[in-house]
Amino acid sequence: MAIERTLSIIKPDAIKRNLTNAINTAIANSDLHIIAQKRIRMTKEQANIFYDSHKDRPFFDELVDFMISSPVVVQVLEGESAISVYRNLMGDTNPARAADGTIRKIFAKSIGENSVHGSDSAVAARVEIAQFFSDKEIVGCLRQHLE
């Protein structure tokens, strides 16, 4: 299995309910390592860039407004098959269809307020991580495996 990195965002709905520690505990229990983390107030420009792939969808403006409505926590996660491990841990976008024990099943309020984001591919992970973190901000214990 390959050591990978993925971006995680703890979204405004989870931040407002003070769920950062609970979500971080779920991440730690999945054998992923949080190697960078910061709380930010996403700007409209950042949200527009981040969700550019959804710009032609009817929910785009609502999604951008939601993501800039309050702080978020952006994180870089590292571990074996980190992308798929984190996507499985997050669960289905629709919390009603998410598997028991997943972050979205436990914490999400709705499809729109689904508590977390995770990169969906290695390419997306590299682009998304670079949007929020410089190389100097990422201190991975497994970094040598990626070079």
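Residues numbered from 1 in each chain as written. Predicted model: local features only at pLDDT ≥ 70, side-chain atom pairs only at ≥ 80, totals over all residues. Heavy atoms only, no water.

Some thoughts on the UniProt feature "active site" (unreviewed entry) in the chain
How we decide: UniProt positions are given in the numbering used here, feature names are shortened, and annotations may be inferred rather than shown by experiment. Secondary structure elements are defined from DSSP: runs of H or I of at least 4 residues count as helices, runs of E of at least 2 residues count as strands, and each element is numbered from the N terminus. The buried label goes to any residue with under 20% of its type's maximum accessible area, the exposed label to any with over 50%, and the partly exposed label to all in between, with areas taken from a 1.4 Å probe on protein chains only. A contact between two residues is defined here by any heavy atoms of the two lying within 4.5 Å.
UniProt annotation of "active site" (unreviewed entry) refers to His 117 when read in the numbering used here. Within the element layout of this structure, His 117 appears in strand S4 (residues 116–118). A residue is classified by how much of its surface remains accessible, and His 117, at 13% relative accessible area, is buried. If sequence neighbours within four positions are ignored, His 117 has contacts with Leu 7, Ser 8, Ile 9, Lys 11, Phe 50, Tyr 86, Met 90, Arg 104 and Glu 128.

Focus: the pairing of strand S1 (residues 3–10)
Here is the rule we go by: Paired strands, as defined in this entry, are two strands with at least two bridges between them according to DSSP.
Of all the 8 residues making up S1, 7 are buried; the element is thus mostly covered by neighbouring parts of the structure. Here 8 bridges tie S1 to strand S3 (residues 72–80), and the two strands are oriented antiparallel to one another. Bridge pairing in S3 links Ser 8 to Gln 75. Direction of pairing for S1 relative to S4: antiparallel, over a ladder of 3 bridges.

Section: helix H2 (residues 20–29)
What counts, and what does not: Taken from the helix axis, the directions to the C-beta atoms give the arc we talk about.
Within the span of H2, buried status applies to Thr 20, Ile 23, Asn 24 and Ile 27. Here the buried residues of H2 occupy an arc of 100° about the axis, which is enough to place them on one side. Opposite the buried face of H2, at more than 90 degrees from it, the exposed residues are Asn 21 and Asn 29. Just downstream of H2 lies Asp 31, where phi reads positive at about 70°.

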